[in-house]
Structure formats: structure tokens, C-alpha cells
Amino acid sequence: MSFDVKSFMQMIEAKNPGEKEFHQAVTEVVHSLAPFLDKNPKYVKHKVLERIVEPERVIMFRVPWVDDKGEIQVNRGFRIQMNSAIGPYKGGLRFDPSVYLGLLKFLAFEQVFKNSLTTLPMGGAKGGSDFDPAGKSDNEVMAFCQSFMSELFRHIGPNIDVPAGDINVGGREIGYMYGMYKKLTNEFTGVLTGKGLNWGGSLIRPEATGYGCVYLCVEMMKTKGQSFQGKTVAISGSGNVAQYACQKATQLGAKVVTLSDRGGTIYDPNGITAEKLAYVIELKGVKRGKLTDYAKEYKCEHSTDKNPWAYKCDVALPCAKQNELDGKDAENLVKNGCTCVGEGANMPCTPEAVEKFLAAKTLFAPGKAANAGGVAVSGLEMSQNSIRTSWTRDEVDKKLEGIMRAIHEKCVEYGKKGDFINYVDGANIGGFVKVADAMIDQGVV
Ligand code: NDP
Ligand code: 2IT
């Protein structure tokens, strides 16, 4: 009897009402896995799929803090500890008003497969809060982070659960949270990754997700005898992942022509050079400003109604948020000659968009493969902390490149069909097998 995708998804929707991003992420994985499960019935017998969609633990908590006017504010905090079969829970924290249980469950679910693909021993988790840092002072962000950690600290630890950054959580927030963790536990340990370089952080961690995404695209392009040299690249977002994807693509000889933020898209047909990118890094990371300033500074187009996929490119790297590239955008990209897409963000392409890319035989790398470089270097940060050392920039970069190559090979192993590599199936099956086998080995727990 073949695995019944329809009734499985009905069960997921009934048990997790209203969690549309979680349904979307599970649907994609289950579709990839169904033919594989038919050939490997032990996973069905051990009910691995039924178990893997259920978080091992969900922590939800009140985060009260006092703003600069002396008023009490209340946010909600979460940590989804999804799966620990192959290592301690690991995954980022997102602070954004759109955060709710279903969004974090989708991200935690994806993280399980992604972390497995990195080849490192890390389970999957995600967390965060509906806190909106926009317009908040440093003092308010610190007050929030300290309150958030004053509850989270009892649920994490270097061998239990190791959080990191994600949207709106970067070096500043990790610093404030780490300080509070250290005060509460009286322990200097590697409990968070993305730490500052002078207090336990790893070189290349800030660059890792963007660089890794480009490295994976390099591997995909190689299968077609192509490279980044001379290519035009469209990138969305202008935060951590977008910035370093832009830097690496440019270093490899490509011209990046777009970036975006919540206020719109910039189109710079002359290319976002190293000097212009330094301006973006300062604008976004230090001044916390908008790309409208970039458009004024470099006299280029800024649009509030066009997204980056409206412009002609060879390579598209969506690096902002989930479901930011839909079926129409995919059609437009394919029509304009785009042949390679790497998901720097988590699930930025809608199911319709993915379908269009696969139908057009686009080189398409899903987020759990393409953006795994970030968590991979987080894993390397954990190793460096454990052995109390720090590796050079070049050492970490080489290890990252090696991991991205291994992820590509895993996708080919499970996703090659004739002369086409379906990286979606490859990543889903490749990520699943290691976790599923570990779950079977460890019994029903
Ligand atoms: P950042 O907060 O550094 O940057 C996010 C970018 O996306 C910003 O430019 C932001 O615009 C834009 N953005 C966010 N929400 C929206 C929205 N609703 N509409 C339009 N633009 C939006 O986050 P990261 O770069 O770290 O994360 C980007 C993506 O990459 C996320 O999907 C994350 O899950 C994923 N990812 C991150 C990893 C990491 O190591 N950081 C690792 C793997 C995946 P604005 O500047 O206006 O706020
Ligand atoms: O989505 C992700 O992989 C991240 N936000 C990074 C997680 C991590 O633990 O480095």
C-alpha cells in the first residue's frame, strides 16, 4: 500500500489549525518523501513521519519589559524544540510582529532537515517573539532581550539547545541575550551562536548564510558548465543574508542589480559594488535606515510596487522572508532568462513558484539546502567553543565550502532523475534519512 499523502495532510491540518506556513512546509516534504517511503516501508512502520511533525517540546512564555517612557509592554516568547535525534536542538530566534506559533513551527520543522544536511550533529529548533524592534531604542531592545532570556535560559544550554539569530536578531541582540544568560547561570559557555568575535564568536559566521547560498549555486551551475562570472543577479532583502550573498556573488564576477527592504526595491543596473555594499551594511546594521537613502546616494531607481523579480537577471537569490516570490514572479523570472535560483531565506518561494521553476528545469535550491551555511558555521562555532580555540577566516571558509559541496552531493544522491536534479526532493529525502534512522535506533521516545 502506498503512503497516503492526502489523509496525512488532513491529519496535519486538523491537528494544527490555522498554521498555514507549517502546513505548506510539511506538504512539500511529504510529497518528496511519499515515493521514497513506498520503497522503504520501515519508516512507515516506525511512524517516523507522524513523529517528526510533532515538536518534542513547545515553550511559550510572557515577556514583560518597560519602554523608555516608563510604560509596561508585554510580548510573547516561544521556543519550539522540534527534534533532538541527531544532536542538541539548534536554530535561530526571530523577532518580528508576524511571529506566531505556526510560523515558528514551520521554521523549526525546516531546521531539522537543514541541520541534518550540514553533516554536523545538530537537532532542530526555532524560537522568537512578536516583538517589533523597528523604532525601538538600544535601551528598549536590551530591556526586551534581557526579559526574553530571563525565561528562556532555563530551557537552553550548550548540550541542550543552542539558539542563534534570524530576522531582526543579529550581533546586538545576541550580545544582550548572552550577557543575561551568563549573569543568570554564572557560566561562560557556548549557549548562543553568532556571538561577537572577542567573546566566543566564529569568523565567517556573519557571512556564512549568504556565502553558503552562493557556494551552493556555484555547485549547481557547475553541473551545467556555468559560473557566476559575468552573470546578473537579483537579490531580495538587505539584511544579513542578502548582504553577504551580494558580496560573494560580486567577488565571483557577477553583477548584483537589486536589493529590497520593507520600504521597496532598489534597481542599480551598474551593479552593487564592494563600496556600495559597505554603504548598505552601515545603513542597515548601524543606522538601521531604509534603502531609499541608497537610491538617493547612488541615484538609482527605487520602487515601492516592483519586487526584485520584476527585473531581468540570470540568477535570483530571495533572501528576505517566506512566500516573497510567487507563481507570477517565477514565470517572469523564467521568461526573462533566469536559470538559477537559490533560496537564501526560508521558504521564500510559494509552492506555485517552485512548481514553475521545476517545470522550466531551472537550477532551484530550496532553503534547507541553500541557506544551511549559516547554521553550519554555527555548528563550527560550537566546536570551537568546546575545544576552546578559534579557527582562521580561511579555515572556516574552507570548511563552509566543503559542507556546501557535501549538501550538493546529498541532493544529487537523492534527487537525480535522468539528466535533471530535483534539489527539492534531494534535500527533503537526504535530510530525512539521517534523522529518521536515528529516531528508529533510539526507539519510541
Ligand atoms: P535580517 O533581519 O538581517 O534581514 C531581513 C531582510 O528582509 C531585511 O532587509 C528586511 O527589511 C527584509 N524583510 C523582512 N520582513 C520583510 C517583509 N515583511 N517585507 C519585506 N521585506 C522584509 O534577517 P536575515 O538576513 O538574517 O534573514 C533573512 C532570511 O534568511 C529569513 O528568511 C531567515 O529565516 C533566513 N535565514 C537566515 C539565516 C541567518 O543566519 N541569519 C540562516 C538561514 C536562513 P528591513 O530592512 O526593512 O527590515
Ligand atoms: O534559519 C536558520 O538556519 C538560521 N536562522 C540560523 C540558525 C543557527 O542556529 O545558526
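Coordinates for the structure precede this section.
This write-up is about the structure you can find in this document. Everything numeric here is computed off the predicted structure, so don't read it as measured data.

1. Looking at the site of ligand 2
By nearness alone, 14 residues border ligand 2, and Lys 90, Gln 111, Lys 114, Asp 166 and Ser 378 come closest of all. Interatomic distance of 3.0 Å between a side-chain N/O atom of Gln 111 and an oxygen atom of ligand 2. Note that an oxygen atom of ligand 2 is positioned 2.6 Å from one of the side-chain N or O atoms of Ser 378. When ligand 2 is considered free in solution it has 300 Å² of accessible area, and contact with the protein chains removes 94% of it. The set of elements that each furnish at least two residues to the shell around ligand 2 consists of strand 3 (89-95), helix 5 (101-117) and helix 15 (372-386). Of the residues that constitute the shell around ligand 2, the class distribution is two nonpolar, seven polar and five charged.

2. Topic: the site of ligand 1
Around ligand 1 sit 24 residues in total, of which Asp 166, Asn 168, Thr 209, Lys 290 and Asn 346 are the nearest. Thr 209 is positioned with one of its side-chain polar atoms (N or O) 2.8 Å from an oxygen atom of ligand 1. Separating an oxygen atom of ligand 1 from a side-chain N or O atom of Lys 290 is a distance of 2.9 Å. In the complex, 84% of the free accessible area of ligand 1, which totals 890 Å², lies under the protein chains. Among the elements of the structure, helix 8 (205-222), helix 9 (240-251) and strand 7 (255-261) are those that each provide at least two residues to the shell around ligand 1. Of the residues that constitute the shell around ligand 1, the class distribution is five nonpolar, ten polar and nine charged.

3. Describing the packing of helix 12 (residues 327-335) against helix 13 (residues 351-359)
Packing of helix 12 against helix 13 brings their axes to within 7 Å, and their N-to-C directions diverge by 25°. Classified by the angle their axes make, helix 12 and helix 13 are roughly parallel. Considering how the two elements wind past one another, helix 12 and helix 13 form a crossing that is right-handed. Within the contact between the two elements, helix 12 uses Gly 327, Ala 330, Glu 331, Leu 333 and Val 334 and helix 13 uses Glu 352, Ala 353, Lys 356 and Phe 357. A breakdown of the residues in the contact of helix 12 with helix 13 according to their chemical character gives five nonpolar, one polar and three charged.

4. A closer look at helix 17 (residues 423-441)
Owing to its 3.6 residues per turn, the α-helix brings residues three or four apart onto one side. The end-to-end C-alpha distance of helix 17 is 27 Å, a good match for the 27 Å that 19 residues give at a rise of 1.5 Å each. A bend of about 30° at Val 433 is the largest found in helix 17. Summarising burial for helix 17: 16 of the 19 residues are buried, a large majority. For helix 17, the capping residue at the N-terminal end is Asn 422, with a side-chain oxygen 3.0 Å from the backbone nitrogen of Val 424. A positive backbone phi angle near 80° is found at Gly 443, which sits one or two residues after helix 17.

5. Let's talk about the sheet that holds strand 12 (residues 363-365)
Pairing is mixed across the open sheet formed by seven strands, whose spatial order is 9-8-7-6-10-11-12. A single partner strand is all that each edge strand has here, and the edge strands are strand 9 (301-303) and strand 12. Strand after strand, the sheet turns through a mean of 15° between neighbouring axes, direction not considered. Alignment of strand 6 (residues 232-236) against strand 7, held across three bridges, turns out to be parallel. Residue pairing for strand 7: Ala 234 is matched across the bridge by Thr 258.

6. Details of helix 7 (residues 171-185)
The terminal C-alpha atoms of helix 7, which comprises 15 residues, lie 21 Å apart, in line with the 21 Å expected from a rise of 1.5 Å per residue. For helix 7, the full list of buried residues reads Arg 172, Glu 173, Ile 174, Met 177, Tyr 178, Met 180 and Tyr 181. Buried residues along helix 7 sit in contact with strand 3, helix 6 (138-152) and strand 5 (161-164).

7. With respect to the side chain of Lys 114
In this fold, Lys 114 is placed in helix 5. Buried charge without a partner: Lys 114 forms no salt bridge, and the closest opposite charge is Asp 166, 6.5 Å away. Within the structure, the side chain of Lys 114 is placed 3.0 Å from the side chain of Asn 346, a separation counted as a polar contact. If near-sequence neighbours (up to four positions away) are discounted, Lys 114 is found in contact with Asn 346, Gly 367, Lys 368, Asn 371, Ala 372 and Val 375.

8. Description of the packing of aromatic side chains
Summed over all chains, the structure comprises 23 aromatic pairs. Both rings, one in Phe 36 and one in Tyr 43, keep their centres 5.9 Å apart while their planes meet at 25°; by these two values the pair is stacked. The exposure class assigned to Phe 36 is buried, which follows from its relative accessible area of 14%. With relative accessibility at 4%, the residue Tyr 43 sits in the buried group.

Thresholds, definitions, all that
Residues numbered from 1 in each chain as written. Chains lettered and ligands numbered in written order. Predicted model: local features only at pLDDT ≥ 70, side-chain atom pairs only at ≥ 80, totals over all residues. Heavy atoms only, no water. Near = heavy atom within 4 Å. Polar contact = N/O pair within 3.5 Å; in protein donor to acceptor, adjacent residues only side chain to side chain. Areas by Shrake-Rupley, 256 points an atom, 1.4 Å probe, with all protein chains shown as cover. Helix = DSSP H or I, 4+ residues; strand = E, 2+ residues; numbered from the N terminus. Nonpolar A, V, L, I, M, F, W, Y, C, P; charged D, E, K, R; others polar. Axes fitted to C-alpha atoms, helices over the stretch in contact; angles between N-to-C directions. Parallel < 35°, antiparallel > 145°, perpendicular 65-115°, else oblique. Left-handed = near helix turned anticlockwise from the far one by under 90°. Contact = heavy atoms within 4.5 Å. Expected span 1.5 Å × (residues − 1). Bend = angle between axes of the 7 residues up to and from the residue. Buried < 20%, exposed > 50% of the residue type's maximum accessible area, 1.4 Å probe, protein only. Pairing = 2+ DSSP bridges. Lys, Arg positive; Asp, Glu negative; His and termini not counted. Salt bridge = Lys/Arg side-chain N within 4 Å of Asp/Glu carboxyl O. Phe/Tyr/Trp six-rings, centres within 6.5 Å; stacked < 30°, edge-to-face > 60°.

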